[in-house]
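Structure assessment
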Amino acid sequence: MIDDAEVTTSPVVNTIYAHLLGAISEGTLEPGDRISDAQLAGEFGVSRTPVREAIQRLRDIGVIEASANRFTRVAVVTPPQTAKAMTVWVALYSALVLEVITEPNPELAERMERDHDEFNASLASGDFVGMARANFAFFDRLAHLTTNEVLARSITSVVHMVRLGSMHLPEAIDVSRLSRLQSELLAAIRVGDRDAAVAVIAGLRDIRIPQD
């Protein structure tokens, strides 16, 4: 067992956090699935304290919800909530690209192009989980460039809400259009065209989030 005094400096919280977030992102844990801190503590061989800290971090970004003495579960993000979160995502990423796209960045474009290729490969095979993973990685590379800590925290929260909600819509979004917008953003990043990058982000607002 890990002593509670060591929790704040131990990587175990990060490990449990990453484990749960990965399971949610991959669909192993689905919206509404219950989460037991006692069970997780047993699996990882730790006290409940680091487990609860990891769960609280996931609550902070909106992918886990809890009711005192009743349940802790994967958040149920409804299609209307997903649409609202996407509106916030567009606003935050518009601010992000204004900050980070200041000059041509072929190295960043090359890394994002690999994610784009993975997205298209998943699109061709109908692998929606793979598409979600690649799309997340594609845009996350931009988020890592910000020096604005408040913006970074806000993006982290809304990104995971959109990601979770998008995996459980009544029908798929227009993934072909999403692929085209990724390609346009890559072109803007290669030449450092900030206005074009902002226009691409704004274009994502036109991708309909199915509500029925």
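Scroll up to find the structure this text is about.
Values in this document were obtained by computation on a predicted structure and should not be read as measured data.

**Some thoughts on the overall build of the chain**
What the chain contains, in helices and strands, is nine helices and two strands. Reading the secondary structure of the chain in the N-to-C direction produces α-α-α-β-β-α-α-α-α-α-α. Taken against the 2.2 N^0.38 rule, which gives 17 Å for 212 residues, the C-alpha radius of gyration of the chain at 18 Å falls within 12% of a compact globule. Within the chain, buried positions represent 42% of all 212 residues.

**Description of the pattern of salt bridges**
Considering all chains together, one arrives at seven salt bridges under this definition. The partner of Glu65 in a salt bridge is Arg73, with the nearest N and O atoms 2.7 Å apart. You can call Glu65 partly exposed: its relative accessible area is 24%. Arg190 is the partner of Glu113 in a salt bridge, and the nearest nitrogen-oxygen pair spans 3.0 Å. Taken as a pair, Glu113 in helix H5 (residues 106-125) and Arg190 in helix H8 (residues 175-191) lie far apart in primary sequence, 77 residues in all.

**A few points about the packing of aromatic side chains**
Enumeration over the complete set of coordinates arrives at four aromatic pairs. Their ring planes at 85° and their centres at 5.1 Å tell us that Trp89 and Phe139 sit as a pair that is edge-to-face. Here the residue Trp89 occupies a position in helix H4 (residues 79-100), and Phe139 occupies one in helix H6 (residues 128-143), the gap between them amounting to 50 residues. Just as Trp89 is buried, Phe139 falls in that class too. On the numbers, 5.9 Å between centres and 85° between planes, the contact of Tyr93 with Phe139 is edge-to-face. Highlighted residues: Tyr93 in helix H4 and Phe139 in helix H6, separated in sequence by 46 residues.

**Here's the deal with helix H7 (residues 149-166)**
When the terminal C-alpha atoms of H7 are compared, their 26 Å separation across 18 residues agrees well with the 26 Å that a helix rising 1.5 Å per residue should span. Residues of H7 that are buried include every one of Leu151, Ile155, Val158, Val159, His160, Val162, Arg163, Leu164 and Gly165, and no others. Where H7 is buried, its residues touch helix H1 (12-26), strand S2 (71-74), H4 and H6. Here H7 starts with a cap whose side-chain oxygen sits 3.1 Å from the backbone nitrogen of Val150, and that cap is Asn148.

**With respect to the pairing of S2**
When strand S1 (residues 64-67) meets S2, the two strands line up antiparallel, connected through four bridges. Paired with Glu65 across the strands is Arg73, a residue of S2.

The rules behind each value
- Residues numbered from 1 in each chain as written.
- Predicted model: local features only at pLDDT ≥ 70, side-chain atom pairs only at ≥ 80, totals over all residues.
- Heavy atoms only, no water.
- Helix = DSSP H or I, 4+ residues; strand = E, 2+ residues; numbered from the N terminus.
- Rg over C-alpha atoms; globule rule 2.2 N^0.38 Å.
- Buried < 20%, exposed > 50% of the residue type's maximum accessible area, 1.4 Å probe, protein only.
- Salt bridge = Lys/Arg side-chain N within 4 Å of Asp/Glu carboxyl O.
- Phe/Tyr/Trp six-rings, centres within 6.5 Å; stacked < 30°, edge-to-face > 60°.
- Expected span 1.5 Å × (residues − 1).
- Contact = heavy atoms within 4.5 Å.
- Polar contact = N/O pair within 3.5 Å; in protein donor to acceptor, adjacent residues only side chain to side chain.
- Pairing = 2+ DSSP bridges.

Interpretation in functional terms is not warranted from these geometric data alone.
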